[in-house]
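# Results of the structural survey
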Amino acid sequence: IADPLDNCLQRKSLAPQIEGCTAVVEGPAYSAGQKALAYRNRGNARAAAGALAEALADLDAAIRLAPSDGAAFAARGEVRLSRGDHAGAIGDLEQAVRIGPRTASLLVALGHARLVAGDARAALADFDAALAIEPESAVALNNRGLAHRRLGELARAIADYTAAIQLNPVYALAYANRGHAREADQHEQHRGDLEHLQVGEHQLVDVVAGGVHREQLRQPRGVDAQRLAVVQLDRRRSEVREQLLEH
């Protein structure tokens, strides 16, 4: 019979993890520290299963038992963001950063929460800080591109998306974001419809490549997504152009 704590600590299967963590938080033989960890792990597992209210309650309990657990604050911040509590999410993630360790992924999470809340300038500072720690973070670059775009800085947004794609050539979101940013940049320059279509090849490739990269996640290993994008470009060109003209 597996030990409940072992089940609680494993992350391969949610149901055994939740069951193991429940046995720990309800069992008399476990320390306060072990119970705090069990509440945090069960909260994460419940969040992954979509049970956000139950996850929030678990993470509240974890923080009561271990108020210096930065990971619990970070996890609760993510749950609060998913529930639409932007201010609560930002407060928790800021506390997680204060407690430490101050990681790039944590700063990206904080920046994302601020971006969702509408504070692109503060989000940009968080993404800059994340990239100072981890300069080759494609996720941080993509998110900083979003912040630049929200601020109307389209050239910088495109540069960040391009850098993210260079680091991760199958980053579908970065391709899609770059395509939309290029389209917005062309509209901002008030180019004519004909010229827009003629020079729009870049965003067409980005949009199609983004779709192909999403499909590639389900393809056998070794598939060349860029080659697939070229093969499918002609077939999907008219459809994508119609979508671009609708904006």
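Residues numbered from 1 in each chain as written. Predicted model: local features only at pLDDT ≥ 70, side-chain atom pairs only at ≥ 80, totals over all residues. Heavy atoms only, no water.

With that out of the way, let us pick up the overall build of the chain. Tallying secondary structure elements over the chain gives 14 helices and zero strands in all. Each helix (α) and strand (β) of the chain, taken in turn from the N terminus, gives the series α-α-α-α-α-α-α-α-α-α-α-α-α-α. Taking all 247 residues of the chain together, 45% fall into the buried category. Of the contacts made within the chain by residues no fewer than 6 positions apart, 46% connect residues no fewer than 24 positions apart. (Helix = DSSP H or I, 4+ residues; strand = E, 2+ residues; numbered from the N terminus. Buried < 20%, exposed > 50% of the residue type's maximum accessible area, 1.4 Å probe, protein only. Contact = heavy atoms within 4.5 Å.)

Another aspect to go through is helix α2 (residues 14–26). Taking 1.5 Å per residue as the helical rise, α2 with its 13 residues ought to reach 18 Å, and the 18 Å between its terminal C-alpha atoms agrees with that figure. Taken residue by residue, α2 has Q17, G20, C21, T22, V24 and V25 as its buried positions. The secondary structure elements touched by the buried residues of α2 are α1 (4–9) and α3 (32–48). (Expected span 1.5 Å × (residues − 1).)

Turning next to the environment of D60. Following the sequence through the fold, D60 ends up in helix α4 (residues 52–65). Sequence-wise, D60 and R40 are 20 residues apart; in three dimensions their C-alpha atoms are separated by 8.7 Å.

In a regular helix each residue adds 1.5 Å, so 13 residues correspond to 18 Å; helix α5 (residues 70–82) covers 19 Å between its end C-alpha atoms and thus fits that length. Its buried side turned inward, α5 meets α3, α4, α6 (86–99) and α7 (104–116). Taking the backbone nitrogen of A71 as reference, a side-chain oxygen 3.1 Å away marks D69 as the first, capping residue of α5. Following α5 by one or two positions, G84 adopts a phi angle in the positive range, close to 90°. (Polar contact = N/O pair within 3.5 Å; in protein donor to acceptor, adjacent residues only side chain to side chain.)

Right, let's talk about the confidence of the model for the chain for a bit. For the chain, per-residue confidence averages 83 on the pLDDT scale, and residues scoring 70 or more make up 75% of the total. Low confidence marks residues 190–200, where pLDDT is under 50. Its contacts with residues over four positions away, or in another chain, come to ten contacts. Every residue in residues 214–247 scores below 50 in pLDDT, and together they form 40 contacts with partners more than four places removed in sequence or on other chains. (pLDDT = per-residue confidence, 0-100.)

Time to look at the side chain of D58. Mapped onto the secondary structure, D58 falls in helix α4. With sequence-adjacent residues up to four places away left out, D58 is seen in contact with Y39, R42, G43 and R46.

Nonpolar side chains in soluble globular proteins tend to be buried together. Membership of the largest hydrophobic core comes to 44 residues, with the highest contact counts inside it found for A38, L93, L106, L115, F127, A130 and A164. Ranked by the residues each element gives to this core, the list is headed by α7, at eight residues. Not counting residues within four places of it along the chain, the set of residues in contact with A164 comprises A138, L141, N142, Y171 and A174. (Core = buried A, V, L, I, M, F, W, Y, C linked by side-chain atoms within 4.5 Å.)

For the structure shown, the criterion picks out one disulfide. Covalently, C8 is tied to C21 through a disulfide, its sulfur atoms 2.1 Å apart. On the sign convention where negative is left-handed, the bridge of C8 and C21, at about 90° about the S-S bond, is right-handed. One end of the pair, C8, is in helix α1; the other, C21, is in helix α2, and 13 residues separate them in sequence. Of the two residues examined, C8 and C21, each falls in the buried class. (Disulfide = S-S within 2.5 Å.)

This part is about the packing of α4 against α5. One can describe the packing of α4 onto α5 by two numbers: an axis separation of 9 Å at closest approach and a directional angle of 155°. Compared by their axis directions, α4 and α5 come out roughly antiparallel. At the point where α4 passes α5, the crossing takes the left-handed sense. Residues L52, A55, L56, L59, D60, A62 and I63 of α4 touch α5, and the partners they reach there are A72, F73, A75, R76, V79, R80 and S82. Split by residue class, the contact of α4 with α5 holds ten nonpolar, one polar and three charged. (Axes fitted to C-alpha atoms, helices over the stretch in contact; angles between N-to-C directions. Parallel < 35°, antiparallel > 145°, perpendicular 65-115°, else oblique. Left-handed = near helix turned anticlockwise from the far one by under 90°. Nonpolar A, V, L, I, M, F, W, Y, C, P; charged D, E, K, R; others polar.)

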